[in-house]
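# Chains, contacts and geometry: an overview
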Amino acid sequence: MTAKAGQSANGAVVSCFRTAVVPAAGLGTRFLPATKTVPKELLPVVDTPGIELVAAEAADSGAERLVIVTSPGKDGVVAHFVEDLVLESTLAERGKFQLLEKVRKAPALLDVTSVVQDEPLGLGHAVAQAEGALDDDEDAIAVLLPDDLVLPCGVLDVMSRVRRKRGGTVLCAIDVPKDEVSAYGVFDVAPVPDAVNPNVLRVNGMVEKPALADAPSTYAAAGRYLLDRAIFDALRRIEPGTGGELQLTDAIALLIEEGHPVHVVVHRGSRHDLGNPGGYLRAAVDFALEREEYGPALREWLQHRLSADWDPQLTTYD
């Protein structure tokens, strides 16, 4: 049987991108002193680094290649995706087959390469470094911010469908409480008259961290971008902002101004922010509660820990 355009033989939507870009050049200052030696992207959410979770999301949505944008000397992030044959052999010899399966997962996800961002000149500058890694026939890329875990996975599939139907660039948004809009980039959106999915909206613009009175909506950027290749030309034509940084939102705004179609998919699931300790802790607890080996005991402990009669002087830990 021949698959339809845009579908695999089993009927699943085929991704409209082959390359996923993950900007990982930051210093992780909010996690110091831990990030003196361990890249923030490798901090484990239970037992899996955040960047592996993001890479798995990209692979599940059809990516074949992962381009990690790093900073000079930050090689550990890429090394996580390289086979460690000595470790694998040791685990096999000791019969640790479940652990062996875990350590083999990251290298098998997709092809991983890296590019270096020599200076921290903004997200737009980081994305621009990936252009040289693309094949000539690639007309779109996905960008996944490793600080953002968007759950459940699958929003990139929806974004691919929107791009196939409407072209251009597709972004992801979450609907945030009004008292939180000042912490985000917020979309100015309009309905799409012929949209079957009410969560697909046209983007007129974007306001970075507005006061509530100035916010055009409560739809905030959620760290997932499906960018037309035209973004690289736009990045070359925008002016640097504060600190000489090139902002991705400025390049997207230029595309909108020039008539390039830009849409947003509002994700109605959850999002964890791994970029700060509070969000990271919530993600770890959330993931652990879903794990059979940790969840029941953790849930029981949390209920006890949060109860009114909890007394740390009388508590023992196994």
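Scroll up to find the structure.
Remember, predicted model here, so these are calculated numbers, not experimental data.

Definitions and limits used
Residues numbered from 1 in each chain as written. Predicted model: local features only at pLDDT ≥ 70, side-chain atom pairs only at ≥ 80, totals over all residues. Heavy atoms only, no water. Helix = DSSP H or I, 4+ residues; strand = E, 2+ residues; numbered from the N terminus. Rg over C-alpha atoms; globule rule 2.2 N^0.38 Å. Buried < 20%, exposed > 50% of the residue type's maximum accessible area, 1.4 Å probe, protein only. Contact = heavy atoms within 4.5 Å. Pairing = 2+ DSSP bridges. Axes fitted to C-alpha atoms, helices over the stretch in contact; angles between N-to-C directions. Parallel < 35°, antiparallel > 145°, perpendicular 65-115°, else oblique. Left-handed = near helix turned anticlockwise from the far one by under 90°. Nonpolar A, V, L, I, M, F, W, Y, C, P; charged D, E, K, R; others polar. Polar contact = N/O pair within 3.5 Å; in protein donor to acceptor, adjacent residues only side chain to side chain. Core = buried A, V, L, I, M, F, W, Y, C linked by side-chain atoms within 4.5 Å.

## Here's the deal with the overall build of the chain
- For the chain, the helix and strand inventory stands at 10 helices and 13 strands.
- For the chain, the C-alpha radius of gyration of 21 Å lies close to 20 Å, the compact-globule estimate for 318 residues.
- Across its three principal axes, the chain shows a C-alpha extent of roughly 65 × 50 × 50 Å.
- For the chain, the proportion of its 318 residues judged to be buried stands at 45%.
- Taking the contacts inside the chain whose residues are at least 6 apart along the sequence as the reference set, 75% of them involve residues at least 24 apart.

## Here's the deal with the environment of aspartate 233
- With respect to the helices, strands and loops of the structure, aspartate 233 is situated in helix α7 (residues 230-237).
- Distance from aspartate 233 to threonine 218, taken between C-alpha atoms, is 30 Å for residues 15 residues apart in sequence.

## Some points on the pairing of strand β10 (residues 200-208)
- In this sheet, β10 lies alongside strand β9 (residues 185-191) in antiparallel orientation, the contact comprising seven bridges. Paired with glycine 185 across the two strands is glutamate 208, which belongs to β10.
- Alignment of β10 against strand β12 (residues 262-266), held across three bridges, turns out to be antiparallel. Residue pairing for β12: leucine 201 is matched across the bridge by valine 264.

## Some remarks on unusual backbone geometry
- That bond from leucine 32 to proline 33 is cis: its omega, 10 degrees, falls within 30 degrees of zero.
- Its place among the elements puts proline 33 in the loop between β1 (19-23) and β2 (44-45).
- Cis geometry marks the peptide bond from leucine 151 to proline 152; its omega dihedral reads -10 degrees.
- Take proline 152: it is sitting in the loop between β7 (148-151) and α6 (155-166).
- Positive phi values are uncommon outside glycine, yet valine 46 reaches one of about 65 degrees.

## Concerning the packing of helix α1 (residues 50-60) against helix α4 (residues 97-109)
- Contact pair α1 / α4: the axes reach a minimum separation of 10 Å and the direction vectors enclose 50 degrees. Our classification of the angle between α1 and α4 gives oblique. Handedness of the crossing formed by α1 with α4: left-handed. Taking contact as the criterion, the partners of Glu52, Ala55, Ala56 and Ala59 in α1 are, on α4, Lys105, Ala106 and Leu109.
- Grouping the constituent residues of the contact of α1 with α4 by class yields five nonpolar, no polar and two charged.

## Quick notes on the side chain of aspartate 228
- Tracing the backbone shows aspartate 228 in strand β11 (residues 219-228).
- A polar contact is formed between the side chain of aspartate 228 and the backbone nitrogen of alanine 230, at a distance of 2.9 Å.
- In contact with aspartate 228, other than residues within four places in its own chain, are Asp139, Ala140, Arg163, Gly168, Thr169 and His260.

## Some words on the pairing of β1
- With five of its five residues buried, β1 lies for the most part within the structure.
- As judged from the five bridges shared by β1 and strand β4 (residues 65-70), these two strands associate in the parallel manner. Within β4, the position partnered with valine 22 by the bridge is isoleucine 68.
- Pairing analysis gives two bridges linking β1 to strand β6 (residues 140-144), with the strands arranged parallel. The residue bridging alanine 20 from the neighbouring strand is alanine 142, located in β6.

## Some points on the environment of glutamate 88
- For glutamate 88, the location among the structural elements is in helix α3 (residues 85-93).
- Judged by its relative accessible area of 8%, glutamate 88 is buried.
- Through-space distance from the C-alpha of glutamate 88 to that of valine 103 is 7.5 Å; in sequence the pair is 15 residues apart.
- Not counting residues up to four positions away in its chain, the partners in contact with glutamate 88 are Glu83, Leu100, Val103 and Arg104.

## A few points about the side chain of threonine 48
- Along the chain, the position of threonine 48 falls in strand β3 (residues 48-49).
- A polar contact is formed between the side chain of threonine 48 and the side chain of aspartate 47, at a distance of 3.2 Å.
- With sequence-adjacent residues up to four places away left out, threonine 48 is seen in contact with Leu43 and Leu53.

## What to know about the nonpolar core
- With 46 residues, the main nonpolar core has Leu66, Ile68, Leu144, Met159 and Leu226 as its most contacted residues.
- Leaving out residues up to four positions away in the same chain, leucine 66 has contacts with Ala20, Val22, Ala55, Phe81, Leu110, Asp111, Val112 and Thr113.
- Residues Leu227, Ile231, Leu235 and Ile252 belong to the second largest nonpolar core, which totals 36 residues.

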